[in-house]
Structure formats: C-alpha cells, structure tokens
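# Architecture and fold: a report
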Amino acid sequence: MKAPAQTVTPNTWEFLRDAMITPTGFREYDARWKYPEEINLPGMTALGLGLGTQMISRGIDPVIAVGNDYRDYSLTIKNALMLGLMQAGIKVLDIGPALSPMAYFAQFHLDAPAVAMVTASHNPNGWTGVKMGFERPLTHGPDEMSELKSIVLEGRGRPRPGGGYEFVEGVREAYLDDLVGDFKMTRPLKVVCATGNGTASAFAPELFARMGVEVVPSHNELDYTFPHYNPNPEAMEMLHDMADAVRASGADFALGFDGDGDRCGVVDNEGEEIFADKMGVIMARDFAWLYPGSTFVADVKSTGLFASDPELQAHGAKADYWKTGHSHMKRRVKEIGALAGFEKSGHYFLAEPVGRGYDCGLRVAVEICKLMDRNPTKSMADLRRALPMTWATPTMSPYCADLEKYEVLDRLVAKLVAQHEAGMPLAGRKIAQVVTVNGARVILDNGSWGLVRASSNTPNLVVVCESSESEAEMRAIFADIDAVIRTEPSVGEYDQTI
C-alpha cells in the first residue's frame, strides 16, 4: 500500500484520490485531526487499513465494533474508516450513532475483540478522530499509537480477504439497560441534564427518567451545529450555563456531558462547580464505605485528599497517583485491581462491581444518583462542604515547544528530585516525596503539593499546586516551583496564573 502524503491540500484532484494524513494527528492515546484541513477521506480509509493490519499482526480475531458521534460529517468519516478495515480483512460490526462509552460497552455486549469510535470528543466542530482499543476495557496508549502511526504513515497496511459488514441493532437500548438495571430512586431528585445539543442528548434524559429522576432539560435537542456552546464540562461557558439552570429551577444539582459522553461535570444545588477530582473524593468516600480497603487511582493533577482524607483512611482506602490521560488511567485501574480511577478532567473509571473499567459519563451520573439516594438527608453542597478544605490553583500552562518540552521536563524533574535528596525545603516545608510517574509531583510533609508535567496535546508544560493549609502556602508552592521552571530559558509565558 502506498504511503499517504503528509500534507493535505483540499480542492485538488489528488485530495479526492490519494490518502493524505498530517502526522501530528496521532496523539498519545487517540487520533485527532481537523477535517478536511489535516486528513481526507482516503486518509481515513488508510487509517482503517492500518488499524486492521495492526489487529492481524497482534493475532487479534478480525472483528471490530465501530460507532460514530453526532456530527454531520462523522458518518462519512466512519464509512471511510470501515472501508479500510474491511480491506484489511476485518468484519465490521456497525453499532450506528453512539457515545464513546456505548462503543466500549459494545465490545462486551457483542463480545468483539476490538473497538473504533469516530469522534472528536469535546473538540469543536471541524475536528474528527478515532478512539480505539483491543484489550477491553482498555484503549490505545502511547505504544499502540506509535505502532499504528508507523504502519499507516509508512504505507504498511496490507489488504486481506475476508472482510465484512453487519449493522447491529439494539446496542443503545442494551447500553441504557446495563446502566440503570432495576434501580429506582427512593428520594425525590431534580437534576439539570446538560448535553449541549451533543450526542448525550439522545441518552441522558431517558437515563434519568428511567431512574425516577425529575429532569430539568438543558439543550437536550440533538443539533450538530452546537448553537449554544460546544459541549465540554470543563469549559466555563457550559458550567456557568449549568449553574444558571440550577438557580432558575431549584434543582438538586446539574450534570453535564461532553461531546462523546465519556466525561461528566457537576454543579451543586448552590450553583457551585465541583471539580472532578473533588467529586471523585465524594464518590470515593461512598465507595470506601460500601467496599472497605479499596484502592483508588487519581491522576497526578488531582487533589491530595485521596491520600490524606480522614474518611477514606478510616475505611482503609489506598491512593495511587498515576499518569494523566484516559488511556493511562484505564490501564492502571485494571493492572492494580483498583475499584475506581478519577481524573481531574472529568474522566471517571469505575471498575467491577460498579462498572466495567472504562470512562463513561452516564455511569458516573447513575452512581451519583445512587450516592444521593444513600444520603437522603444531604444535599450535594453538604457533601462538598464535608470535604476537608484545600486551596488549589487552576491548571496553568507555560509555553514550551513540542520538540523541547520533554527534555526540559526531564531536567526540571532531576532538579526537584535533587532538591528533595539534599533535604532542601519547598515553600518553607520539608519535601516528603517526589512522585515521578508523570513529571514531578512534589509532596510536602503536610500533604500539600506542586506538580509540573508536559502537556500531552499542546506545546506547553502543565503546573498545578494545592495546599491543605492556606492560600498563602498554595502561592508559596507555586512561587518555588516556578523558580525552578524559570531556570529553563526556553519556557515561555503562562496562559494564566494565580
């Protein structure tokens, strides 16, 4: 198979004939391009051929479940991808329009060895991409993505006979049945359901209704132009809209879902946003009571409360801080047998017996409703206020070029580790530990911490700090971490600071 061109020029003869793929679309744990500026339809077919070839080379049975999100061009993209998969000798099980977690569910429901979901996730219109995986409930990580990139860009995709196609009915209904089971609320609950006109609009309102939850609709009509805002529960635009809806309706809380439904955002009854790491601690407290001695994985950007919270400690819960990224987190939860994983971006990974280990915003919604049912006298704000107080910075990103950021980070990690080994303080306190699984998370003797890591997706470093004691200590941690960062002249300005 001929190697794809690595530059894309729309409105040319070649664009309609030859595969064209910009290499930068192959990310650490999925593939994402602007369409048609960075990939054309023959390029997507080449990606399918490459993915099918990767399956065959790894000895995976040649069957794959494929879905697409609700964007006007996603079906066209999916058809091009499926053509390449069939060329590679793969039998395609087309589950139709879907959420990413519905596609992951289909792997179990249909006993399919592989999955490919056409989605740009929470990216705005104009983007497309594919989330894919072989070993359920896992998705491709850096090693698998690097291998796939080489197969595709070097033209090593190999056509084989035996490919086929089947459209599979009923997966959406089976997915909703699996989420709800026979659960019904025993307390009245009124929830703002915010879907931003995205794919979750076809799922979330019905999900809540099945549980006996009163739904306050918020942009629940499917509309791939996203007329109000891009569905992304990390974006303040969506969160402010959710908060306004809570105040206007007197709802118990709001839950918001991103474009492909694998993330969930929460706003409480007072209109206060609860960041996903703090919501994770609220859920972990509930799970630790139900399942004492559980292990919880948190990404390195998340609050230190997973390790220091007295309630979690009282139930023998153990914390494991791991690499940021949905693929890394899923893999870690499975490897160490954790009950759940929590990522600050809003990905939650709920494993058996709660979920199946993949990130599903709707599974999170169900478990939050169950949590509230187990706490009938408490409001969401009560649960938020019951957590120990901490002071945290937003995620701050100083510029650092893609070709330099990992080498710069290696030097910064070495400097911070050396500071710890020399017994030098940070923010006036003793350094207890430096976790280096993903950059450097410098943990002080009181549980406060500061993190520097490299962004997986953009030319930036990422800095987050949290104090268990005061805003002043949080600022001191940032000042001392930043002083180390400023020893690297190639690091530029922050996108935002405290």
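Residues numbered from 1 in each chain as written. Predicted model: local features only at pLDDT ≥ 70, side-chain atom pairs only at ≥ 80, totals over all residues. Heavy atoms only, no water.

### Section: unusual backbone geometry
Rule in force here: Strands here are runs of E lasting at least two residues and helices are runs of H or I lasting at least four, both read from the DSSP assignment and numbered beginning at the N terminus. Residue burial is assigned from relative accessible area. The probe radius is 1.4 Å, only protein chains are included, and a residue is buried under 20% of its type maximum, exposed over 50%, and partly exposed in between.
Going from Y35 to P36, the amide bond is cis rather than trans, its omega being 10°. Relative to the assigned elements, P36 resides in the loop between β1 (31-34) and α1 (41-57). Cis geometry is adopted by the peptide bond preceding P353, which originates at E352 and carries an omega value of 5°. Looking at where P353 falls in the secondary structure, it is placed in the loop between β15 (348-350) and α12 (361-374). Even without being glycine, D111 reaches a positive phi, approximately 55°. Examined against the element boundaries, D111 turns out to sit in the loop between α3 (100-109) and β4 (114-118). A residue is classified by how much of its surface remains accessible, and D111, at 54% relative accessible area, is exposed. The phi torsion at A427 lies on the positive side, around 55°, for a residue other than glycine. Inspection of the secondary structure assignment puts A427 in the loop between α14 (405-421) and β17 (431-435).

### Describing a nonpolar patch on the surface
What counts is decided by this rule: Surface patches are defined over residues having more than 30% relative accessible area and no salt bridge, joining like charges when they lie within 9 Å and nonpolar side chains (Val, Leu, Ile, Met, Phe, Trp, Tyr) when within 5 Å. Surface accessibility in these figures is a Shrake-Rupley result with a 1.4 Å probe; residues are shielded only by whichever protein chains are displayed. By definition, a salt bridge exists where a carboxyl oxygen of Asp or Glu is found within 4 Å of a side-chain nitrogen of Lys or Arg.
Taken together, W289, L290 and Y291 make up a surface patch of nonpolar side chains, about 300 Å² in accessible area. Tracing the backbone shows W289 in helix α8 (residues 276-290). Exposure remark for W289: the relative accessible area of 52% places this residue in the exposed category.

### Remarks on the domain arrangement of the protein
For an interface, size is often stated in terms of accessible area lost upon the parts coming together. How we decide: Bear in mind that the domain bounds are from an automatic or database domain assignment. Note on contacts: a residue pair is in contact if any heavy atoms of the two residues lie within 4.5 Å. Accessible area that two parts lose when put together, evaluated with a 1.4 Å probe and summed over both, is termed the buried area.
Structurally, the protein comprises domain 1 (13-169), domain 2 (181-386) and domain 3 (391-494). With centres defined by C-alpha atoms, the gap from domain 1 to domain 2 works out at 28 Å. At the junction of the two partners, domain 1 supplies 31 residues and domain 2 supplies 31 residues. Summed over both sides, the interface of domain 1 with domain 2 buries roughly 2,700 Å², with 60% coming from carbon and sulfur.

### Points about the nonpolar core
Spelled out, the test is: Throughout, nonpolar core names a set of buried Ala, Val, Leu, Ile, Met, Phe, Trp, Tyr and Cys residues whose side chains join them through atoms within 4.5 Å.
In terms of nonpolar packing, the biggest core is built from 72 residues, with F208, L255, M283, F296 and I368 touching the most fellow members. With residues near it in sequence (within four places) discarded, L255 still touches V191, V192, C193, A194, F208, M242, C264, G265, V266, A365 and I368. Of all hydrophobic cores here, the second largest spans 35 residues; its members include A46, L49, A116 and F134.

### Notes on the sheet that holds strand β11 (residues 273-274)
Backbone hydrogen bonds are what pair the strands of a sheet, in a parallel or an antiparallel way. Going by this rule: Note on pairing: two strands pair once DSSP finds at least 2 bridges between them. All axes here are fitted lines through C-alpha atoms, helices being fitted over the stretch that makes contact, and every angle between N-to-C directions spans 0 to 180 degrees.
Ordered by their spatial adjacency, five strands build an open sheet running β8-β7-β9-β10-β11, and the pairing between neighbours is mixed. The open sheet terminates on both sides in strands that have one partner only, identified here as β8 (214-218) and β11. Relative to β8, strand β7 (residues 190-194) is paired through five bridges, and the arrangement is parallel. Considered in β8, the bridge of V192 is made with V216. Contacts from α12 reach β9 (253-257) and β10 (264-268), with the element oriented near 165° to β9.

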